[in-house]
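The lines below spell out each chain.
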Amino acid sequence: MPKITLPDGSLRSYDEPTTPAAVAADIGPGLAKAALGARIDGTLCDLATVINEDVELGLVTAKTREGDVDEDALFLIRHSCAHVMAEAIQAVFPGTELVYGPPVENGFYYDMAFPDGRSISTEDFEAIEAEMKRIIKEDRPFCRYGMPAGDGLEKLRSEGSKYKVDNAERAIEAGSDELTWYATGEPGKDWEDLCRGPHVPSTGRIGAFKIMTLASSYWHGDENSDRLTRVYGTAFADKKQLKQHIHRLEEARKRDHRVLGKQLKLFTIDEMVGQGLVLWTPNGAMVRHQLQEFISEELTRQGYNQVFTPHIGKLDLYRTSGHFPYYQDSQYTPIIDRAKLHELAEEGCSCGDLANLMNEGEIDGYLLKPMNCPHHIRIFASEQRSYRDLPIRLSEFGTVYRWEQSGEIGGMTRVRGFTQDDAHLFCREDQVAEEVQGCLSIVKLIFGTLGMEDYRVRVGLRDPDSSKYVGDPANWDRAEQACRDAAATLGVPFTEEPGEAAFYGPKIDFVVRDVIGREWQLGTVQVDYNLPERFDLEYIGADNQRHRPVMIHRAPFGSMERFIGVLIEHFAGAFPCWLAPEQVRVLPISEKSADYADEVLAKLKAGGVRATIDHGADRIQAKVKVAADMKVPYLAVVGPRDAESRMVSVRAFGVDRNLGEVPLDDFVTEVTAEMNSRGATRLLDRFETPSE
RNA sequence: GCCACCGUAGCUCAGUGGUAGAGCACACCCUUGGUAAGGGUGAGGUCACGGGUUCAAGUCCCGUUGGUGGCUCCA
């Protein structure tokens, strides 16, 4: 006699076991028709799930009662669409083995193994989609049936799919005593897939779908295992939502930093120079310069000392730090003396021998630095240090080089040479908490000034069951607490992730999303008990004994490349005035105002404003359009009227009208004030502007 | 590195085996116009690179290189 509580609090009683579908039908035919699935005590289920006890029941429809897209509905639709796609692909490519097909953010995928020699191309999408449409039109029910684990495994083995057997074995290992299948139609007759569900009631409920792209993947994510083909698709409740999704992808593309980087001439990447090596063109270099200046000023205020170190260092340095032996795969190969190479070649030394000689330290060479810390450590070690000197905070915009796999490189977010906003703090154990805290205050300030609130924070803690960590557990506890406390002060969501600490210390990471939804790690703050040990660092304590300092690595914005890449997207290329490469463009109405326009330009430049002038023969409409294309924050339009009254007519990026006339001197003063205050005061505040 | 797609003028792109195109940008001329593109003329290409098939290749095939999406990895 199940009693069912609905989301509005109302109660329905049944004399015998029922299903969400039946409850929906009781409530009304509209709901029965719209329901795609159910939430039973919060768990997403099929509409056909039998209810034989008291539960809280919610029915899943395409839209929530507030009218938003229901994420659970999308999950059901996409998961179901993955089945339909798999069936269609098997129909078009007989012999294809299925591996795993889950819904993911923005869609779904299905990993599959094509029969020998067959491969799928985007040209096949049309045929597959046609087959999918046919299956959807047939509106076949998704029918679930189960079997005891042993019998189910037997069935799968007899069918001969090693991947599905593997999936089942994993499910059983995880504690399932039953395996379930979903047939698209009649079990035993129609297509089916091992699946725990849930699904929409029938194929016809998949409103709109599209196969998006192909990728390769590895079985279990292991590159030494089978290579699989991954087919990505997406599905929505209706065509309109699908269309909106595709439109959003197109819009996102417009603010992609790679597109804007070209359009606004911020940077270029030249295949002649090398993959993943960013050339900062003047506009981008100016943005970077302004940002570095901002960061540097704050670091000075916080007691950091700036240093400069070279781009290479001896191999032995990185043997000591551990970078060379442990992270060889992601380094450029070492630089070895030419004469030495000739000599070895004459002795018949092979490449393998050479690698061994380097690994064993028999020959030395130089490494393009993969990290800045060893250099900074040697600066610390260059003098005897007293406890009174600590903390010592050495900062550098330090350029490092890493060998990333070619398929990974892209734009400014993943590159092979990049400049970190790096610093290393050397402190006493009792100073760790305060120093970690200090590292975060700059993050707050800079993210705050830039209006970047959309980031998340991960606190990486040690895995309590592992012994791989170096350092004293009591110190670890304190350092972990310091990281937690510091993260809490940021006022953004943070997660604690046990097991995610480095072996040498706990850390705090900052993660942001780019315009196409990919997550990127920006900065990090890491406590390190390992390197001071490896380099035998010490200071003299108040007790006149030698002590080991603790190191903190911190690069809160990660790299200038990645950070500015993300920043370009954050502002959609429209930088605030203080960061913009070109802050003001002077636009004379005609040649008659050329002299006055030149005077305006000269005054702006004298005030330190990055201003240009457009003396072209175009009409003012064209000049405004061209300046808007470059997203110049302020336009100073000057014509005979302005010259007469010694004013400029102001127009601001993003405001589609002439804001009005401002006396020339006021204009210069206010733009300068805006620049110098990094946007704390704005010229725009002078006008009544419509809210953006 | 793996899979798929792509690389044509400075930029964005059209061109599906038969004499390389458009818009914007650029140069010159006309226009001197008050807030998101006035008009004309012109210059600009080893169709990423290397090989092959063909009477004929931007177009088809192979290789290389670079880009994009994804996988994997990430101090």
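Everything quoted here is computed from the prediction, not taken from an experiment.

## What to know about the pattern of salt bridges
Logical step 1: In this structure the tally under the stated criterion is 48 salt bridges.
Logical step 2: Arg-39 is the partner of Asp-70 in a salt bridge, and the nearest nitrogen-oxygen pair spans 3.5 Å. On the criterion of sequence distance, the pair formed by Asp-70 in the loop between strand S5 (55-60) and helix H3 (71-92) and Arg-39 in strand S3 (residues 37-40) is long-range, its members being 31 residues apart.
Logical step 3: Under the relative-accessibility criterion, Asp-70 is labelled buried at 7%.
Logical step 4: Judged by its relative accessible area of 24%, Arg-39 falls in the partly exposed class.
Logical step 5: Arg-484 serves as the salt-bridge partner of Glu-496, at 3.0 Å between the closest nitrogen and oxygen. With Glu-496 in strand S22 (residues 494-498) and Arg-484 in helix H16 (residues 473-488), this pair connects stretches of sequence that are 12 residues apart.
Logical step 6: Within this structure, Glu-87, Glu-131, Arg-134, Glu-138 and Arg-140 form a network of salt bridges that share partners.

## Section: the protein's contact with RNA strand B
Logical step 1: Around RNA strand B, the structure places 54 residues, and the nearest of them are Leu-214, Ser-330, Ser-406, Glu-408 and Arg-651.
Logical step 2: One of the side-chain N or O atoms of Gln-275 is found 2.4 Å from a phosphate oxygen in RNA strand B.
Logical step 3: Contacts to RNA strand B include Ala-617, whose backbone N or O atom sits 3.2 Å from a base nitrogen.
Logical step 4: With seven residues, the top contributor of residues to the surface near RNA strand B is helix H20 (residues 620-629).
Logical step 5: Residue composition of the surface near RNA strand B, grouped by class: 18 nonpolar, 18 polar and 18 charged.

## Some remarks on the nonpolar core
Logical step 1: Residues Leu-291, Leu-450, Tyr-455, Ile-508, Phe-510, Phe-575 and Leu-579 are the most contacted members of the largest nonpolar core, which totals 63 residues.
Logical step 2: With nine residues, the top contributor of residues to this core is helix H15 (residues 432-450).
Logical step 3: Those residues within four positions of Leu-291 in sequence are excluded, and the remaining contacts are Leu-450, Met-560, Phe-563, Ile-564, Leu-567, Trp-578 and Leu-579.
Logical step 4: With 35 residues, the next largest nonpolar core counts Ile-120, Cys-195, Val-200 and Phe-209 among its residues.

## What to know about the confidence of the model for chain A
Logical step 1: Per-chain confidence: chain A averages 91 in pLDDT, with 99% of residues scoring 70 or above.
Logical step 2: Predicted complex metrics record ipTM = 0.93 and pTM = 0.92.

## A short note on the side chain of Gln-302
Logical step 1: Note that Gln-302 resides in the loop between helix H9 (282-301) and strand S16 (305-306).
Logical step 2: Setting aside its immediate chain neighbours within four residues, Gln-302 contacts Arg-393, Gly-438, Ser-441 and Ile-442.

## Examining the packing of aromatic side chains
Logical step 1: Following the criterion strictly, the structure yields 16 aromatic pairs and no others.
Logical step 2: When the ring of Phe-294 is compared with that of Trp-578, the centres are 5.4 Å apart and the planes differ by 80 degrees; the resulting orientation is edge-to-face. With Phe-294 in helix H9 and Trp-578 in the loop between helix H18 (560-570) and strand S28 (584-588), this pair connects stretches of sequence that are 284 residues apart. The same class applies to Phe-294 and to Trp-578, which are both buried.
Logical step 3: With centroids separated by 5.2 Å and ring planes inclined at 85 degrees, the aromatic side chains of Tyr-332 and Trp-403 adopt a geometry described as edge-to-face. Placement of the pair is Tyr-332 in the loop between helix H11 (323-326) and helix H12 (338-346) and Trp-403 in the loop between strand S19 (392-401) and strand S20 (417-427), with a sequence separation of 71 residues.

## A few points about a nonpolar patch on the surface
Logical step 1: A contiguous nonpolar surface patch, about 250 Å² in accessible area, is contributed by Ile-312, Ile-335 and Tyr-366.
Logical step 2: By the secondary structure assignment, Ile-335 is in the loop between H11 and H12.
Logical step 3: Judged by its relative accessible area of 43%, Ile-335 falls in the partly exposed class.

## Points about the environment of Ser-321
Logical step 1: With respect to the helices and strands, the residue Ser-321 is situated in helix H10 (residues 315-321).
Logical step 2: C-alpha separation for the pair Ser-321 and Cys-373, spaced 52 residues apart in sequence, amounts to 8.6 Å.
Logical step 3: Polar contacts involving the side chain of Ser-321 include one to the side chain of His-323, which spans 2.8 Å.

## Quick look at the sheet that holds S5
Logical step 1: With respect to topology, five strands assemble into an open sheet ordered S2-S1-S5-S3-S4, the strand pairing being mixed. Two strands lie at the open edges of the sheet, namely strand S2 (11-13) and strand S4 (43-45), each paired on one side alone. Direction aside, the axes of adjacent strands within the sheet are offset by 35 degrees on average.
Logical step 2: In this sheet, S2 lies alongside strand S1 (residues 3-5) in antiparallel orientation, the contact comprising three bridges. Residue pairing for S2: Thr-5 is matched across the bridge by Leu-11.

## Description of unusual backbone geometry
Logical step 1: Following Gly-197, the chain continues into Pro-198 via a peptide bond in cis, with omega recorded as -5 degrees.
Logical step 2: Turning to its location among the elements, Pro-198 is positioned in the loop between strand S11 (192-194) and strand S12 (208-218).
Logical step 3: Note that the residue after Leu-390, namely Pro-391, is joined by a cis bond; omega there is 0 degrees.
Logical step 4: A positive phi angle, close to 50 degrees, is found at Asp-41, a residue other than glycine.

## Overview of a negative patch on the surface
Logical step 1: A surface patch of negative charge is lined by Asp-41, Glu-53, Asp-54 and Glu-56.
Logical step 2: Along the polypeptide, Glu-56 turns up in strand S5.
Logical step 3: By relative accessible area, which is 53% here, Glu-56 ends up exposed.

## Regarding the environment of Gly-448
Logical step 1: Inspection of the secondary structure assignment puts Gly-448 in helix H15.
Logical step 2: For Gly-448, the residues in contact, after removing those within four places along its chain, are Val-443 and Glu-453.

## Focus on the packing of helix H5 (residues 149-159) against helix H6 (residues 162-173)
Logical step 1: Two numbers describe how H5 lies on H6: the axes approach to 9 Å, and their chain directions differ by 165 degrees. As summarised for this structure, H5 and H6 are arranged roughly antiparallel, according to the angle between their axes. Crossing handedness for the pair H5 and H6: left-handed. Along its contact with H5, which presents Ala-149, Leu-153, Leu-156 and Arg-157, the element H6 presents Lys-164, Val-165, Ala-168, Glu-169 and Ile-172.
Logical step 2: Split by residue class, the contact of H5 with H6 holds six nonpolar, no polar and three charged.

The rules we used
Residues numbered from 1 in each chain as written. Chains lettered and ligands numbered in written order. Predicted model: local features only at pLDDT ≥ 70, side-chain atom pairs only at ≥ 80, totals over all residues. Heavy atoms only, no water. Salt bridge = Lys/Arg side-chain N within 4 Å of Asp/Glu carboxyl O. Helix = DSSP H or I, 4+ residues; strand = E, 2+ residues; numbered from the N terminus. Buried < 20%, exposed > 50% of the residue type's maximum accessible area, 1.4 Å probe, protein only. Near = heavy atom within 4 Å. Polar contact = N/O pair within 3.5 Å; in protein donor to acceptor, adjacent residues only side chain to side chain. Nonpolar A, V, L, I, M, F, W, Y, C, P; charged D, E, K, R; others polar. Core = buried A, V, L, I, M, F, W, Y, C linked by side-chain atoms within 4.5 Å. Contact = heavy atoms within 4.5 Å. pLDDT = per-residue confidence, 0-100. Phe/Tyr/Trp six-rings, centres within 6.5 Å; stacked < 30°, edge-to-face > 60°. Patch = residues over 30% accessible without salt bridge, like charges linked within 9 Å, V, L, I, M, F, W, Y side chains within 5 Å. Areas by Shrake-Rupley, 256 points an atom, 1.4 Å probe, with all protein chains shown as cover. Pairing = 2+ DSSP bridges. Axes fitted to C-alpha atoms, helices over the stretch in contact; angles between N-to-C directions. Lys, Arg positive; Asp, Glu negative; His and termini not counted. Charge placed at Lys NZ, Arg CZ, Asp CG, Glu CD. Parallel < 35°, antiparallel > 145°, perpendicular 65-115°, else oblique. Left-handed = near helix turned anticlockwise from the far one by under 90°.

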